[in-house]
Amino acid sequence: MNRRDALKVGGIALAGASLLPFPVWGGLNRGKESGRIFFEKEDIPRIRRNARTALLGSKYEEWASKGPQSVVDAWKKFEASGNIVYDLRDFWAAFERCSVVYIVEPTEEGRDALLFGFERVVALPKWDYLMDGEEDIGLMRAAMAVSRLLFAREALGDAFGDELNEGFLSVLAEKGAIPCERTILGMNQPETVEGWRYDPEHPFINEYSLENWPYFLGRTNLRGTSTMGLGLAALALRERDSRCDQWMDTAVDSTYQVLSEFSPNGSYSEGLSYGAYALRLVLQFCEAHYRLVGDIDWAEAANWSGIIDDVAVMQAGRKSDGTPDVVNFSDASASIHPCVGSWIRERAGNEAAQHATENFAAPGYFLDFLWYRPGRSSEPPRDELKNYRTDLDWVICRSGWGAEDAVLAFRSGNPANHEHADRNSFLFKAFGERLLNDPFGAAYDRRDPKWTLRMTKAHNAILIGGRGHQYHEGEEGVNAGKAEAKILSFTDKGDHVWWTSDATHAYRLANDNVRKVLRTVVILKPTVVVVLDQVQLAESAESIEARYFPDNRDGLAEVSRKGGNFELKRPGAILYGVFAANTPLSVKGRTLDFREDLVEGVRLEEPNELGDYPFVSAKSAPARRHELLTVLVAEQSGSGNRPELKARKSGSLWRFEANGMTGILDTRGDVPSVEIRNEG
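For clarity, every value in this text was computed on a predicted model and none was experimentally measured. (Residues numbered from 1 in each chain as written. Predicted model: local features only at pLDDT ≥ 70, side-chain atom pairs only at ≥ 80, totals over all residues. Heavy atoms only, no water.)

**Here's the deal with the overall build of the protein chain**
Across its full length, the protein chain carries 17 helices and 26 strands. Since a compact globule built from 680 residues should have a radius of gyration of about 26 Å, the 26 Å found for the protein chain is in line with a globular shape. Across its three principal directions, the C-alpha atoms of the protein chain cover 85 × 55 × 50 Å. Counting every position in the protein chain, which comprises 680 residues, the buried fraction comes to 61%. Nonlocal contacts in the protein chain, meaning residues at least 24 apart in sequence, comprise 69% of its contacts between residues at least 6 apart. Surface accessibility of the protein chain: about 26100 Å² in total, with carbon and sulfur atoms responsible for 46%. Averaging the coordinates of the 81 positive side-chain charges in the protein chain and doing the same for the 100 negative ones gives two points 5 Å apart. (Helix = DSSP H or I, 4+ residues; strand = E, 2+ residues; numbered from the N terminus. Rg over C-alpha atoms; globule rule 2.2 N^0.38 Å. Buried < 20%, exposed > 50% of the residue type's maximum accessible area, 1.4 Å probe, protein only. Contact = heavy atoms within 4.5 Å. Areas by Shrake-Rupley, 256 points an atom, 1.4 Å probe, with all protein chains shown as cover. Lys, Arg positive; Asp, Glu negative; His and termini not counted. Charge placed at Lys NZ, Arg CZ, Asp CG, Glu CD.)

**A short note on the sheet that holds strand S3 (residues 196–198)**
Strand order across the open sheet formed by three strands is S2-S1-S3, with antiparallel pairing between neighbours. Edge positions in the sheet fall to strand S2 (135–137) and S3, since each has one partner strand and no second. Ignoring strand direction, the axes of neighbouring strands in this sheet form an average angle of 45 degrees. Looking at chain direction, strand S1 (residues 130–132) and S2 are connected through three bridges and run antiparallel. By the bridge assignment, Met131 is partnered in S2 with Asp136. Relative to S2, helix H8 (residues 162–188) is tilted by about 85 degrees, and along the sheet it contacts S2 and S3. (Pairing = 2+ DSSP bridges. Axes fitted to C-alpha atoms, helices over the stretch in contact; angles between N-to-C directions.)

**Focus: the sheet that holds strand S18 (residues 565–570)**
Taken in spatial order, the eight strands line up as S12-S13-S14-S15-S22-S19-S18-S17 in an open sheet, and their pairing is antiparallel. Strands with a single pairing partner mark the edges of an open sheet, and in this sheet they are strand S12 (486–493) and strand S17 (558–562). The sheet shows a mean angle of 15 degrees between the axes of neighbouring strands, direction not considered. When strand S19 (residues 573–581) meets strand S22 (residues 625–636), the two strands line up antiparallel, connected through nine bridges. What sits directly across from Ala581, in S22, is Leu628.

**Notes on helix H6 (residues 108–123)**
With 16 residues, H6 should reach 22 Å at 1.5 Å per residue; the first-to-last C-alpha distance of 23 Å fits that figure. By the burial criterion, the buried members of H6 are Gly110, Ala113, Leu114, Leu115, Phe116, Gly117, Phe118, Val121 and Val122. Elements in contact with the buried residues of H6: helix H4 (69–81), helix H5 (87–104), helix H7 (140–156) and H8. (Expected span 1.5 Å × (residues − 1).)

**Concerning the pattern of salt bridges**
Taken as a whole and judged by the stated rule, the model has 51 salt bridges. Ionic pairing is found between Arg411 and Asp422, a salt bridge with its closest N-O pair at 3.8 Å. Highlighted residues: Arg411 in strand S8 (residues 407–411) and Asp422 in the loop between S8 and strand S9 (425–430), separated in sequence by eleven residues. Among the ionic pairs, Glu675 bridges to Arg677, the shortest N-O distance being 2.9 Å. Given a relative accessible area of 49%, Arg677 falls into the partly exposed group. Counted as one network, the salt bridges with shared partners bring together Arg411, Glu419, Asp422 and Arg423. (Salt bridge = Lys/Arg side-chain N within 4 Å of Asp/Glu carboxyl O.)

**Thoughts on the environment of Ile37**
Summarising the element assignment, Ile37 is placed in the loop between helix H1 (3–9) and helix H2 (44–50). Given a relative accessible area of 2%, Ile37 falls into the buried group. Along the chain, Ile37 and Thr500 lie 463 residues apart, while their C-alpha atoms are 50 Å from each other.

**With respect to the pairing of strand S4 (residues 315–318)**
As defined by bridge partners, S4 adjoins strand S5 (residues 324–326) across two bridges and the pair is classed as antiparallel. Bridged to Gln315 within S5 is Val326.

**Points about the packing of aromatic side chains**
Each aromatic ring pair is characterised by the separation of its centres together with the angle its planes make. Counted according to the given criterion, the structure contains 30 aromatic pairs. One aromatic cluster in this structure is built from Phe38, Phe39, Phe151, Tyr365 and Phe366. Against the face of Phe39 rests Arg36, its NZ or CZ located 4.7 Å from the ring centre. We note Arg454 situated over the ring of Trp451; from NZ or CZ to the ring centre the distance is 5.4 Å. (Phe/Tyr/Trp six-rings, centres within 6.5 Å; stacked < 30°, edge-to-face > 60°. Lys NZ or Arg CZ within 6 Å of the ring centre and 35° of its normal.)

**Some details on the side chain of Asn350**
Examined against the element boundaries, Asn350 turns out to sit in the loop between helix H14 (338–348) and helix H15 (351–359). For Asn350, a relative accessible area of 9% puts it in the buried group. Within the structure, Asn350 has its side chain in polar contact with the backbone nitrogen of Ala353 (distance 2.9 Å). Sequence-distant contacts of Asn350, that is, excluding residues within four places in its chain, are made with Ser305, Ile308, Ile344 and Arg345. (Polar contact = N/O pair within 3.5 Å; in protein donor to acceptor, adjacent residues only side chain to side chain.)

**Observations concerning the environment of Leu509**
The residue Leu509 is located in the loop between helix H17 (504–508) and strand S14 (514–524) in this model. Exposure remark for Leu509: the relative accessible area of 42% places this residue in the partly exposed category. Ignoring any residue separated from it by four or fewer positions in sequence, one finds Leu509 in contact with Gln470, Lys482 and Ala483.

**What about the side chain of Thr667?**
Residue position: Thr667 is located in the loop between strand S25 (661–666) and strand S26 (673–679). Engagement of the side chain of Thr667 in a polar contact is seen with the backbone oxygen of Ser652, the distance being 2.9 Å. Beyond its immediate stretch of four places on either side in the chain, Thr667 contacts Leu532, Gln534, Glu627, Ser652, Trp654 and Pro672.

**Here we look at the nonpolar core**
Ranked by size, the top nonpolar core spans 145 residues in total, and within it Phe38, Trp127, Trp298 and Trp304 carry the most contacts. Looking at this core, the element that brings in the most residues is helix H12 (residues 272–292), giving 14 residues. Sequence-distant contacts of Trp298, that is, excluding residues within four places in its chain, are made with Val252, Thr255, Tyr256, Phe285, Cys286, His289, Tyr290, Trp304 and Trp343. The next biggest cluster of nonpolar side chains, apart from the first, holds 43 residues, and it includes Leu408, Leu435, Val521 and Val535. (Core = buried A, V, L, I, M, F, W, Y, C linked by side-chain atoms within 4.5 Å.)

**Details of the pairing of S14**
A large share of S14 lies buried, amounting to nine of its eleven residues. Bridge count between S14 and strand S15 (residues 528–537): ten bridges; the pairing is antiparallel. Its bridge partner lying in S15, Val517 is registered against Val535. Taking the residues that link successive antiparallel strands as the turn, the S14-S15 hairpin has three residues.

**Some remarks on unusual backbone geometry**
Going from Lys525 to Pro526, the amide bond is cis rather than trans, its omega being 0 degrees. Considering the arrangement of structural elements, one finds Pro526 in the loop between S14 and S15. Phi angles above zero are rare outside glycine, and Asp393 is one such case at about 70 degrees. Summarising the element assignment, Asp393 is placed in the loop between strand S6 (387–389) and strand S7 (394–398). Look at Asn659: it is not a glycine, yet its phi comes out positive at around 50 degrees.

**A short note on the packing of H4 against H6**
At a closest axis distance of 8 Å, the pairing of H4 and H6 adopts a crossing angle of 25 degrees. Comparing their axes, H6 and H4 come out roughly parallel. Between H4 and H6 lies a crossing of left-handed hand. Listed contacts from H6 to Val71, Val72 and Trp75 of H4 are Ala113, Phe116, Arg120 and Val121. Across the contact of H4 with H6, the residue classes break down as six nonpolar, no polar and one charged. (Parallel < 35°, antiparallel > 145°, perpendicular 65-115°, else oblique. Left-handed = near helix turned anticlockwise from the far one by under 90°. Nonpolar A, V, L, I, M, F, W, Y, C, P; charged D, E, K, R; others polar.)

Dropping the structure here:
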């Protein structure tokens, strides 16, 4: 019995399963008579109302302001460049916007623009830029074509003629379903792949080796693209292609595989952005499958409550534009779209998902307008999520979910796709400011100088002998490296939380002189953070260096120091700090130098042309055994408070004082014990 049959027979009892198997959003086979994939004609008034809601109204007005001509302009740009990676992507964004606007406010100009784009995409010889041997395979672009063309067909309604429909369906299998199926089968059985490669017509993409992609890509968010494309194409072609049952089974099985990449508690190793991406892709298929087939209850297919918990855990207040800020480990940078929370709220009956939709989501996807249901009952995140150790061994502590609340997020755990060399690093946000920042905008291509942002040296972490921990050279893109770390102890006392993470494995891969690398973090909410780094080396003495980076994307951060004390200033807050160590320290304010890691043939005339990344550095004298204590206190700008910080070593004990709190870290055991003596 396969997974699909198991769900048909009895379902899987997972947290977050709906008490009602098919809630009021729409039961099984709602679209069977019409054959529509995304929505019924009677849904149009509700979609139009959604475009005027507080959540979606601003995004709709932004999209409407682009005008139908943006579709034509985007196509002409793609036609001139042939750049299927970026310019065709931009065309699909314009096409998607125009489709939504046409549903809400149909005009002749909008109709003509959509038909213009539709006809030209159908006429393309292929929809993607990857091949297996001499055969086309479909990943992001082919799947996007399937999804957006099917959606536009429904948006156009009666304006979409029979002749165009016939022409579209006649190529949907060859340009959509079959390439997507080949990709999935290659992921499922990589040993059968002849050799994935870029289409030679698109040599400008990059120089990644795709040799091993079939072996690891199936466990990343990108499985969701081909799965969506194949599944939607199979549903659209059910009455005219005998291969559809085979395609459907493949898509169903692949959907389960996508969902299985979420940890048992709902976390996603690539970060929130990529988990959200995978979900908004496969949920298109799940919902269409509900509508047209209806023999699987997808509300039982994953721990949806855990996934929504993880969405809440990974929040980090607000960005400067008012959209949700997130814990941006790896290349993650954004939260979910409302459609993801809306689907989970309606199909799985999870009220916390409605709160996530209306508080933690950023509109920007066509399904937002189709799936959002304002006015549904809602509940905020549970208090126990304020101090959360995920089953990925990430730790996120917060004082709350408000824009000014403190958030500290710590990256331990295993390698993952899209990762950085960031084991034992952390970010800290308070008073709306990223006082300790995890870098945004790291390059995907090793030839780009901003590849440096992927490295340990660009994170709030330590270097040993000037080196970070193991990371690859980007030969296959931004896939997982080999560096591992693990949480050895975790203590949660409400407003006082501490843990120790062991990154020995990660650093030893880059330096066989490493014997032990531990980092202990104490957070005394909301503003005090204490960090103890312990490093032991096997033979030769080497220095260690701790680096701390404030957010400086706007150029407004300032770093200053005096002796072992330092300040990291942002417009809204200041992080005060002091270093102490068992060896002499050199404390300096420095700036990340991208010239150190340039590949041959790449020049950088001005080091700050890529942005200015200031940091404070505490570098020790060479030794075989290091202990480095950092005490940090955040204060709101203009408060007039200047905390007195003290840190000193007495035998095996490290004592600190900060903001009226006194603590001791005892290093005699395998991991430091922590005692908070008093609170002022």
